[in-house]
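# A structural walkthrough
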Amino acid sequence: MTFKTIVAILQNEQDAERVLDCAVPLAGRFGAHLIGIHAEAMPVPYTSAAGFPDTEFLQVSSELNKERSDRLQAAFLRRIEGAGLAFEWRSLETFSGDSALSGIASVRAADLVVAAQRESGGEPGADVDTLVYDAGRPVLVVPHSGPVITTFKRVLLAWNGSREAARAAFDALPFLIGAERTEVLVIDPPDVLDGNPEAAGADIAAALARHGVAVSVSVGDTDGVAVEDMIQNRLVETGADLIVLGAYSHSWLRRLLFGGVTRSVLRTAPVAAFLSR
């Protein structure tokens, strides 16, 4: 398995460079076709004092949108030029103006999607939460700070035995196989007959090992600590540069009331995050 079609979501100039720092080397490494996607919002007509649409506002908005789209396209072409890669640029205009949402049709025909982690300040980023939830394809989220790494040496796989976790583990195989070490982290494992808590991750570890993954299993108990905090702590302890996670494996009501591990990883993970659902 490999990634032969990669989509780069470029929402604004603030995150475009980091996304391309990741997507272009990955496309080169896997010999992939790289698709850059950017969407602008359709200008919303305002009514003038005379009761007619403000055409001047519409024109100015359209020109600004086109200028921003052209700048992002130019940045994409600069990075891809001379790389010897097959590529496409898709410039969209939609009501939302969100590149992640607008590019869903393109994303669903890809092997991997690369997007930027949303920042609390600066320009609004793409809606990565909804992208991960609706894409049906694995999403690699680039952290908003720190070095951009594309050859992952230490991987942390968060494993809870869910359908989503299984999907993420096998979707991430190209990265896991190339890593020096992958740790399967099982938090609050269910009771097992032989009394060995590590047995909860034994099957997935064995399956990955058959693919040539150098894998180990670790087990942790929350004991009052939030799962997302345990994952963050383990990332630091292991020096992992990639976390692999099955996204949104709990009910929508629980996520609405309490947030969730997926949301925390999407907002605050200090390393690249690979998510599938």
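Residues numbered from 1 in each chain as written. Predicted model: local features only at pLDDT ≥ 70, side-chain atom pairs only at ≥ 80, totals over all residues. Heavy atoms only, no water.

### Points about the overall build of the protein
- Within the protein one finds eleven helices and ten strands.
- Partitioning the contacts of the protein with sequence separation of at least 6, the portion at a separation of at least 24 is 81%.
- As displayed, the protein has an accessible area near 13300 Å², and 53% of this comes from carbon and sulfur atoms. (Helix = DSSP H or I, 4+ residues; strand = E, 2+ residues; numbered from the N terminus. Contact = heavy atoms within 4.5 Å. Areas by Shrake-Rupley, 256 points an atom, 1.4 Å probe, with all protein chains shown as cover.)

### Observations concerning empty space enclosed by the protein
- Applying the stated criterion to the full structure yields one cavity of 30 Å³ or more.
- What lines the largest cavity is Ile9, Asp15, Val19, Ala115, Ala116, Gly125 and Ala126.
- Within the residue set of the lining of the largest cavity, elements represented by two or more residues are helix H1 (13-30) and strand S4 (112-116).
- Counted by class, the lining of the largest cavity contains five nonpolar, one polar and one charged residues. (1 Å grid on protein atoms, 1.4 Å probe; cavity = no way out; pocket = protein on both sides within 12 Å on 5 of 7 lines; lining within 4 Å. Points joined across faces, edges and corners; volume = space filled by probe spheres on them. Nonpolar A, V, L, I, M, F, W, Y, C, P; charged D, E, K, R; others polar.)

### Some thoughts on the confidence of the model for the protein
- For the protein, per-residue confidence averages 87 on the pLDDT scale, and 86% of positions sit at 70 or higher.
- Averaged pLDDT values for the elements of the protein fall to 40 in helix H10 (residues 252-258) and rise to 98 in strand S1 (residues 5-9).
- Here residues 252-259 is modelled with pLDDT under 50, and outside its nearest four sequence neighbours on either side it reaches five contacts, counting other chains as well. (pLDDT = per-residue confidence, 0-100.)

### Comments concerning the pattern of salt bridges
- Using the criterion set out here, one finds twelve salt bridges in the structure.
- Of the charged contacts, one joins Arg68 and Glu40 as a salt bridge, the two residues approaching to 2.7 Å between their closest N and O atoms. Taken as a pair, Arg68 in helix H2 (residues 55-80) and Glu40 in strand S2 (residues 33-41) lie far apart in primary sequence, 28 residues in all.
- By relative accessible area, which is 26% here, Arg68 ends up partly exposed. (Salt bridge = Lys/Arg side-chain N within 4 Å of Asp/Glu carboxyl O. Buried < 20%, exposed > 50% of the residue type's maximum accessible area, 1.4 Å probe, protein only.)

### Describing the packing of aromatic side chains
- The full count for this structure, using the stated rule, is eight aromatic pairs.
- Between Phe3 and Phe175 the ring centres are 5.3 Å apart and the planes differ by 50 degrees, which places this aromatic pair in the tilted class. Here Phe175 lies in helix H7 (residues 173-178) and Phe3 lies in the segment before S1, a separation of 172 residues in the sequence. Assigned by exposure class, Phe3 and Phe175 land together as buried.
- Summarising the aromatic geometry, the rings of Phe152 and Phe175 are spaced 5.1 Å apart at their centres and angled 90 degrees between planes, so their arrangement reads as edge-to-face. Residue Phe152 is found in the loop between strand S5 (139-142) and strand S6 (154-159), and its partner Phe175 is found in helix H7; the two are separated by 23 residues along the sequence.
- Taking relative accessible area as the criterion, Phe152 reaches 2% and is therefore assigned buried.
- A relative accessible area of 1% means that Phe175 is categorised as buried.
- The structure contains a cluster of three or more aromatic residues connected by ring pairs, namely Phe3, Phe30, Phe152, Phe175 and Phe274. (Phe/Tyr/Trp six-rings, centres within 6.5 Å; stacked < 30°, edge-to-face > 60°.)

### As for the sheet that holds strand S10 (residues 272-276)
- Strand order in this open sheet of ten strands is S3-S2-S1-S4-S5-S10-S9-S6-S7-S8, and the pairing throughout is mixed. Of all strands in the sheet, those with a lone pairing partner are strand S3 (87-94) and strand S8 (215-220), marking the two edges. Strand-to-strand, the axes of this sheet are offset by a mean angle of 20 degrees, without reference to chain direction.
- The sheet contact formed by strand S7 (residues 181-187) and S8 spans six bridges and is parallel. Bridge pairing links Leu185 to Ser218 in S8. (Pairing = 2+ DSSP bridges. Axes fitted to C-alpha atoms, helices over the stretch in contact; angles between N-to-C directions.)

### Section: the nonpolar core
- Counting 48 residues, the largest nonpolar core has Leu140 and Phe175 as the members making the most contacts within it.
- Examining the composition of this core, we find that nine residues originate from one element, H1, more than from any other. (Core = buried A, V, L, I, M, F, W, Y, C linked by side-chain atoms within 4.5 Å.)

### Side note on helix H9 (residues 227-238)
- Here H9 is twelve residues long and its end C-alpha atoms lie 16 Å apart, about the 16 Å a rise of 1.5 Å per residue gives.
- Among the residues making up H9, those that are buried are Met230, Ile231, Gln232, Leu235 and Thr238.
- Taken together, the buried residues of H9 touch S6, S7, S8, strand S9 (242-246) and helix H11 (261-268).
- Positive backbone phi, approximately 70 degrees, marks Gly239, located one or two places after H9. (Expected span 1.5 Å × (residues − 1).)

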